[in-house]
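Breakdown of the fold
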Amino acid sequence: MFDATEQINAVQRAVGSRTLEAGEARVTTISQTYQATAEDLWDACTNAERIPRWFLPISGDLRLGGKYELQGNAHGVIESCEPPHRFTATWEYGDEVSWIEVRITGIDDERARLDLDHIAHVDQDRWAQFGPGAVGVGWDLGLLGLAAHLAGDGSGVTPEQSAEWSASAEGRQAMELSSRLWGAASIAAGTDADEANAAAARTTAFYTGAPAV
């Protein structure tokens, strides 16, 4: 049976920075190794018929230079595409533009690793308030769906069940754990521990509705 806590703990997280033309940007990286070939993992992440099975309904032209839209979420332009190893795209939500870079690396004949960078210009006040968990928890939830999809055993949470699951005790526990682990990644990147933990508590409250303490 799919275990959300086990899945959250299977993910690696890192926080860093990158210099862009517009200035310094923050980089939130989430990574996981799967029991899947690089080609299958690539297909799961780029095939318009498979993406809605674990993430969100998607429309658009999923090729270099094409525009995509995730229902009720982000949209953007695919800026580079090197199958089955790497693609980059803008991630546009509201009036804000950030970027994603997805890298897939085959480890052996049965395993492949996914690394996803979310690159964004974030003002210091917002970063101090929520830290990397603001986007990191959302990506953790996405990888929950991807892991269940690749397992192919019918367990886990489908996109149709995600709202109900997120409101459940199990869902809130998973999001709280994700938030704490993003706080730990922020501390590892040099953030003061008290500040990082306070930001993680506010992120937990945002996602779960629980009061920040």
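Predicted model only: the values in this text are computed from it and were never measured. (Residues numbered from 1 in each chain as written. Predicted model: local features only at pLDDT ≥ 70, side-chain atom pairs only at ≥ 80, totals over all residues. Heavy atoms only, no water.)

Here the focus is the packing of helix α5 (residues 133-151) against helix α7 (residues 169-188). Relative to each other, α5 and α7 sit at 130°, their axes nearing to 9 Å. The angle between the axes of α5 and α7 places the two elements in the oblique class. When you trace α5 past α7, the crossing you get is right-handed. On α7, the residues that touch Gly133, Gly136, Val137, Asp140 and Leu141 of α5 are Met175, Ser178, Ser179 and Trp182. A per-class count over the contact of α5 with α7 returns four nonpolar, four polar and one charged. (Axes fitted to C-alpha atoms, helices over the stretch in contact; angles between N-to-C directions. Helix = DSSP H or I, 4+ residues; strand = E, 2+ residues; numbered from the N terminus. Parallel < 35°, antiparallel > 145°, perpendicular 65-115°, else oblique. Left-handed = near helix turned anticlockwise from the far one by under 90°. Contact = heavy atoms within 4.5 Å. Nonpolar A, V, L, I, M, F, W, Y, C, P; charged D, E, K, R; others polar.)

Turning our eyes to something else, we now look at the pattern of salt bridges. Here the structure, examined in full by the defined rule, presents 14 salt bridges. Here Arg18 makes a salt bridge to Glu101, at a shortest N to O gap of 3.2 Å. Highlighted residues: Arg18 in strand β1 (residues 12-20) and Glu101 in strand β7 (residues 96-106), separated in sequence by 83 residues. Of the charged contacts in the structure, one is a salt bridge between Arg111 and Asp108, with a shortest N-O distance of 3.0 Å. We classify Arg111 as partly exposed; its relative accessible area is 32%. Put simply, Arg18, Glu82, Arg86, Glu101, Arg103 and Asp117 are held in one network by salt bridges that share partners. (Salt bridge = Lys/Arg side-chain N within 4 Å of Asp/Glu carboxyl O. Buried < 20%, exposed > 50% of the residue type's maximum accessible area, 1.4 Å probe, protein only.)

A few words now on the packing of helix α2 (residues 38-46) against α5. Direction vectors running N to C along α2 and α5 enclose 125°, while the axes themselves pass 11 Å from each other. With respect to α5, the axis of α2 lies oblique. You can see that α2 and α5 cross each other, and the crossing is right-handed. Here α2 contributes Asp40, Leu41, Ala44 and Cys45 to the contact with α5, which in turn contributes Leu146, His149 and Leu150. Split into classes, the residues belonging to the contact of α2 with α5 amount to five nonpolar, one polar and one charged.

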